[in-house]
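The chain contents come next:
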Amino acid sequence: MTEPGGTWVFEAGADAPLSAVGGKGLNLLRMTRAGLPVPTFFVVGTDAYERFVAGLDLGLDRLAGLGPSDVEQVRVEAARVRDIIEGAALPDELRAAIVAAYRALGDTLKVAARSSATLEDLAEASFAGQQDTVLNLHDEETLLRAVQRCWGSLFTDRAVLYRRQHGFADEGAALAVVVQQMVEPAVSGILFTADPVSQHRGVCSIDASYGLGEALVSGKVNADLYRVEKDSGRVLETRVGDKALGIFALPAGGTEERPIPDADRARPCLSDAQLAGLVALARTVESHQGAPQDIEWAIDGAGTLHLLQTRAITSLFPLVEPVRAPGDTSVHAFVSIGHIQVMTEAMRPFGATFLQAGFPFGKETPSDDSAVIRTAGGRVFGDFTAALRTFPLSAIFPRILKIVDERVGLSLAAVKDRPAVTAGPGPRVDRHTVFARVLRPVFKGLWRAFWAKDPERVAAALSTTLQRVVDDGRARLDDAPDLSTRLLRVIEVVYGVMPQLLNGFPPVVICGGYAWNRLGKLAPQDVPLTEVQDIVRGLTGNVTTEMDLALADVADLAREVDGLVPALEQGHPPTVVEDVRADFAPKPGGGAFYAAWDAFVDRYGHRCPGEIDASSARWRDDPSSLVMSIVGMSKGDRKKGDHWAHHKAAGERAAALIDRMAKAAPFWRRGRIRRLARMARAYMALREHGKYYLLLFFDEAHRAAQQIAARAVQQGALAAGDDVWFLTFREVAALGRGELSDAQALVLRRRAAYARQRTLTVPRVVTSEGEVPVAAARTDVPDGALGGVAASAGEVVGIARVVRDPRKEVLHDGEILVAPFSDPGWTPLFVHAAGLVMEVGGLMTHGSVVAREYGIPAVVGVDDATTKIKTGQRIRVDGDSGLVTILDDDDDDADGAAA
């Protein structure tokens, strides 16, 4: 029904846009046109809402300044707006249009009024349950009041806060109302066309109970649960709930709660035929909508199935699509590379596709993209299916990954023996290729490293070799005729460098880990395993430790320049060091500080937080996290050179422990213990070398892309230099050659996708069916404690500092660092941290290794640590048991110190 100022009412089956009928209305119109069993309805469009509120002074400017944390103020202001909307008189023309549409349905028909917001039931945010539904309306006046109530529910406090959390403005929200024939169901419920718990796309999950679905949605009833294979209809699980009550429509309007008879409560409320009908509906609706759906349904007393509404399930992680060879029907298993590298943030397209292009396995030529590396949801995954189908890799990989991240290994082990993964046609590893390209060089390196008379000399030689490899690779890049060729050539160089890294780097680290492990088994009874960790503390030659110590030197120099640290703290972190150079370089000590700073950036400027993402800003361009670390190190009671004293003391403790162990052993073992200790200390110090040198080529790609972007901005192809990271690696090369059209359109679309991807929770392991296998949780965690993996021995009680971004937050001296993850770009914080808690990681991930070297207690793999622990709380970190305890303010232990 079109009126002056817009279309106010849409009949079922009309073709209308989201902006006119809202998310719920749009989906129901689609389903009606598809011939699905939707009860008859009409939609009061958003034009009607806009016409209504145009004459009202809602004072939305008073809401505009409130954020998601201003809960109480939002509650007050939202209630004020609702009162205005629900109390205003409905214009006569709107009233007439709604009444006419209602009478067309049948003026004695009972209906439900369901809110349908333009920011509701979207693919990227559902807004489910944020606005009101009013049931069993029996006349015109109750319907009109219900429409105004629905309009007012656009400003419930929960709806306003949800918009704040997802970045939507109040002014951009509008609301339609679906007026739908009331179904009086015998049974109703919710149908997910993909399992919302396991995320398996081939499994439907159905909740069902007696009466209206509002009892289930509001949590008033423990419903039946059914899990059914979508394609075959095979019932995987039936869980009968107690269904103590139901909500039913009253003859005169409204609803009431009624108890359910015991006999009905004890039996499933769906028959096999009804279950089959729901699964068939799931397949049809999902096919029409093109994505997994959350469906509300009802079966009336005559046994007829009705589709009440459908929306996209927005909580699922996107499917990871494998590269399949002809005939491959297997389920593929993917591992999050972010968890292996302890960097789980979303990557922009350049960084993700650079990893895909640069990975040297799963490709036929050096310039190909790897079929092993896949991207989804802004994250990078490794396809481990071929390894899981090939012995002995199927046994080796889960064990190795368990050391890297315990739950990655356990989750992979949970799927590796499934017939769907291992049986039938599917990928396998060519053993001859693996032996020639990977195992043979590793075995040769292991032999040399293990039997070397002088492990320290082997370590020094490896460092020299790695530097020569980098120099040769850079020489190849310098021969490139243009920036695009240079960028693409990085991939070829990495392909050639990788065998040389495998030949030298993994063998010594494996030997070092073996030696350390053997020392734990050879330790005398009075040396606990936790003390054996001292052997690999205070190491010489670890490139990351050297970096951290060098930054601590810079911090010492900063403290000696009068006024510099406050200036760094108050300035703009990315630029403050240069902003104040003219003021502080001439001051006493200023020249020494800037000389040390420049030397540090010259050597380590290619690193940064999240450094495996080639699109991340390097310290050379954004030293914010360095500035924050310097400010943090410059506060508290630290004295100049404390970091070196601590490092030296750790080395001396290690030497004393080795001597003690050797003297306590039988004479025939003493030489072996000393040799194993030399191997452990010399080789474990090289753990970071491979990544350090490889990242130099990530930096080469980053710099080439930056230069291409600068030219593209000058030519008008990009609006800003930062836009380049929203193009793929190969698109950037094409941009440099002038072969990419509509680059800015790609950027805008991908920026929006990236904002959504950043909110996703990335699974450690996921299958090609979308299933996220769950590793068994620890069962020995006491009440009030958080369980994880004991990564570095010792116990500390102190103040927690939750740091999600080291570029924006300062860790103060002596605080306990609580972080989502940490890579080498985070480790300057470790110099002055009292302890470490991380959400991801394992025994051999970066943060754990560095924590052990620094001698700070650490627990990693603690789920949701950054939300369960708050900055300022006193916590106990027990690196021996892998437990973190949040202490009450009056806890006696709160006065403790590092143990």
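Only a predicted model underlies this, so the values are computations on that prediction, with no experimental measurement involved.

Engineer: Tell me about the overall build of the protein chain, and please be specific about residues and values.
Structural biologist: Helix and strand counts for the protein chain come out as 33 helices and 27 strands. Whereas a compact globule of 899 residues would reach a radius of gyration of roughly 29 Å, the protein chain reaches 31 Å, a difference of no more than 12%. Taking the principal axes of the C-alpha coordinates as reference, the protein chain spans close to 95 × 65 × 65 Å. In the protein chain, of all internal contacts separated by at least 6 residues, the share reaching a separation of at least 24 is 70%. Here the protein chain displays about 37,000 Å² of accessible surface, and carbon together with sulfur accounts for 53% of that area.

Engineer: Break down the state of the cysteines for me, citing the residues and quoting the values.
Structural biologist: Under the counting rule described, the total for this entry stands at zero disulfides. C269 carries a free sulfur, and the closest cysteine sulfur to it, the one in C204, is 16 Å from it. Classification of C269 as buried rests on a relative accessible area of 6%.

Engineer: Which residues make up the pairing of strand β12 (residues 245-249), and what values go with them?
Structural biologist: In summary, the side chains of a regular strand alternate between the two faces of the sheet. In terms of residue burial, β12 counts as a mostly covered element, since five of its five residues are buried. Burial along β12 is two-sided: L245, I247 and A249 facing one way and G246 and F248 facing the other are all buried. Sheet topology places β12 next to strand β13 (residues 255-259); five bridges connect them, and they run antiparallel. Residue pairing across strands places F248 opposite E256, the latter belonging to β13.

Engineer: Go over helix α30 (residues 729-736), please, and point to the residues and values.
Structural biologist: Most of α30 sits out of view: six of its eight residues are buried. Here α30 has its buried residues at F729, E731, V732, A733, A734 and L735. At the C-terminal side of α30, G738 shows a positive phi close to 75 degrees.

Engineer: Outline unusual backbone geometry, supporting the account with residue identities and numerical values.
Structural biologist: Working note: non-glycine residues mostly have negative phi, and peptide bonds are mostly trans. For V342, which is not glycine, the phi torsion reads 55 degrees and is therefore positive. Take V342: it is sitting in the loop between α11 (337-340) and α12 (349-358). You will see that D864, though not glycine, has its phi angle at about 60 degrees, which is positive. Among the structural elements, D864 can be located in the loop between β25 (858-860) and α33 (865-868).

Engineer: I'd like a description of the sheet that holds strand β3 (residues 9-11), backed by residues and values.
Structural biologist: Taken together, the five strands give an open sheet; going across it, the order is β3-β4-β7-β5-β6, and neighbouring strands pair in antiparallel fashion. Two strands lie at the open edges of the sheet, namely β3 and β6 (133-137), each paired on one side alone. Pairwise comparison of adjacent strand axes, ignoring direction, gives a mean angle of 20 degrees for this sheet. Across three bridges, strand β5 (residues 111-117) lies against β6 in antiparallel orientation.

Engineer: Can you break down the environment of V508 residue by residue, with the values?
Structural biologist: If you trace the backbone, V508 turns up in helix α19 (residues 483-522). What makes V508 buried here is its relative accessible area of 3%. Counting along the chain gives 138 residues from V508 to S370, while the straight-line C-alpha distance between them is 27 Å. With residues up to four places along the chain from it excluded, the contact list for V508 reads A449, V458, L462, Y683 and L686.

Engineer: Could you give an account of the nonpolar core, naming the residues involved and the relevant values?
Structural biologist: Among the nonpolar cores identified, the biggest contains 138 residues, and F350, L487, F593, W597, L718 and L817 are the most heavily contacted of them. With 17 residues, the top contributor of residues to this core is α19. Every residue in contact with F593, bar those within four places of it in the chain, is listed here: V554, L557, A558, V561 and L564. In terms of nonpolar packing, the next biggest core, distinct from the first, is built from 45 residues, V9, V147, V177 and V179 among them.

Engineer: Quick rundown of the packing of helix α21 (residues 543-559) against helix α25 (residues 590-604)? Include the residues and the values.
Structural biologist: At a minimum axis distance of 9 Å, the contact between α21 and α25 shows a crossing angle of 160 degrees. In terms of orientation, α21 and α25 fall into the roughly antiparallel class. Where α21 crosses over α25, the two elements pack in a sense that is left-handed. Two secondary-structure elements touch here, α21 through V543, E546, M547, A550, L551, V554, L557 and A558 and α25 through A592, F593, A596, W597, F600, R603 and Y604. Partitioning the contact of α21 with α25 into residue classes produces 13 nonpolar, no polar and two charged.

Engineer: Outline the packing of helix α4 (residues 71-87) against helix α6 (residues 140-152), listing residues and values.
Structural biologist: In a packed pair of helices, the relevant descriptors are the angle between the two axes and the axis-to-axis distance. As a packed pair, α4 and α6 sit with axes 8 Å apart at the nearest point and diverge in direction by 155 degrees. Judged by the inter-axis angle, α4 sits roughly antiparallel to α6. As for how α4 packs across α6, the hand of that crossing is right-handed. Where α4 abuts α6, its residues R82, I85 and E86 lie against Q148, R149, W151 and G152.

Engineer: So, the packing of aromatic side chains: which residues are in play, and what are the values?
Structural biologist: Under the defined criterion, the tally for this structure stands at 21 aromatic pairs. Put simply, the rings of F350, F354, F698, W725 and F729 pair up and form one aromatic cluster. Across from the ring centre of F726, 5.8 Å away, lies the NZ or CZ of R348, which sits over that ring.

Engineer: Before we move on, could you go through the pattern of salt bridges and cite the residues and values that matter?
Structural biologist: Using the criterion set out here, one finds 58 salt bridges in the structure. A salt bridge links K416 to D417; its shortest N-O distance comes to 3.2 Å. The exposure class of D417 is exposed, given its relative accessible area of 58%. The partner of R660 in a salt bridge is D526, with the nearest N and O atoms 3.7 Å apart. Placement of the pair is R660 in helix α27 (residues 642-664) and D526 in the loop between α19 and α20 (529-532), with a sequence separation of 134 residues. Note on R660: relative accessible area 34%, which makes it partly exposed.

Engineer: With reference to specific residues and values, describe the sheet that holds strand β15 (residues 305-312).
Structural biologist: Overall, antiparallel pairing links the six strands, which are arranged β11-β10-β9-β8-β14-β15 in an open sheet. Each edge of the open sheet is held by one strand with a lone partner, namely β11 (235-239) and β15. Neighbour-to-neighbour, the strand axes of the sheet open up by a mean angle of 15 degrees, direction not taken into account. Bridging between strand β8 (residues 185-192) and strand β9 (residues 203-210) involves six bridges; their strand directions are antiparallel. Note that in β9 the partner of G189 across the bridge is A208. Taken strand by strand, helix α10 (residues 272-289) contacts β8, β9, β10 (224-229), β11, β14 (293-300) and β15, and its axis lies near 140 degrees from that of β14.

Engineer: So, the environment of V884: which residues are in play, and what are the values?
Structural biologist: In this structure, V884 sits in strand β27 (residues 883-886). Residues V884 and A858, 26 residues apart in the sequence, show an inter-C-alpha distance of 9.4 Å. Setting aside residues up to four positions removed in sequence, V884 forms contacts with A785, L786, V837, V859, V862, I869, I875 and R876.

Engineer: An account of the pairing of β27 is requested, with residue identities and associated values reported.
Structural biologist: With three bridges connecting them, strand β20 (residues 785-787) and β27 associate as antiparallel partners. Residue pairing across strands places L786 opposite V884, the latter belonging to β27. What sits between strand β26 (residues 874-878) and β27 in their antiparallel hairpin is a turn of four residues, with G882 showing a positive phi close to 75 degrees.

Engineer: Can you tell me about the side chain of Q289, naming the residues and giving the values?
Structural biologist: Following the sequence through the fold, Q289 ends up in helix α10. A polar atom in the side chain of Q289 sits 3.0 Å from the side chain of N27.

Engineer: So what's going on with the environment of L446? Which residues, and what values?
Structural biologist: Inspection of the secondary structure puts L446 in helix α17 (residues 431-451). For the pair L446 and F505, spaced 59 residues apart in sequence, the C-alpha to C-alpha distance is 9.7 Å. Other than its neighbours up to four places away in sequence, L446 contacts P507, I510 and C511.

Engineer: Describe in detail the confidence of the model for the protein chain, supporting the description with residues and values.
Structural biologist: If pLDDT is low for a region, its predicted coordinates should not be looked at in detail. Residue-level pLDDT values for the protein chain average 88, and 95% of them are 70 or greater. Contacts from residues 121-127, a stretch scored under 50 in pLDDT, to residues over four places away or in other chains number 30 contacts. For the stretch residues 890-899, pLDDT sits under 50, and the model shows 18 contacts to residues farther than four places along the chain or on other chains.

What counts and how
Residues numbered from 1 in each chain as written. Predicted model: local features only at pLDDT ≥ 70, side-chain atom pairs only at ≥ 80, totals over all residues. Heavy atoms only, no water. Helix = DSSP H or I, 4+ residues; strand = E, 2+ residues; numbered from the N terminus. Rg over C-alpha atoms; globule rule 2.2 N^0.38 Å. Contact = heavy atoms within 4.5 Å. Areas by Shrake-Rupley, 256 points an atom, 1.4 Å probe, with all protein chains shown as cover. Disulfide = S-S within 2.5 Å. Buried < 20%, exposed > 50% of the residue type's maximum accessible area, 1.4 Å probe, protein only. Pairing = 2+ DSSP bridges. Axes fitted to C-alpha atoms, helices over the stretch in contact; angles between N-to-C directions. Core = buried A, V, L, I, M, F, W, Y, C linked by side-chain atoms within 4.5 Å. Parallel < 35°, antiparallel > 145°, perpendicular 65-115°, else oblique. Left-handed = near helix turned anticlockwise from the far one by under 90°. Nonpolar A, V, L, I, M, F, W, Y, C, P; charged D, E, K, R; others polar. Phe/Tyr/Trp six-rings, centres within 6.5 Å; stacked < 30°, edge-to-face > 60°. Lys NZ or Arg CZ within 6 Å of the ring centre and 35° of its normal. Salt bridge = Lys/Arg side-chain N within 4 Å of Asp/Glu carboxyl O. Polar contact = N/O pair within 3.5 Å; in protein donor to acceptor, adjacent residues only side chain to side chain. pLDDT = per-residue confidence, 0-100.

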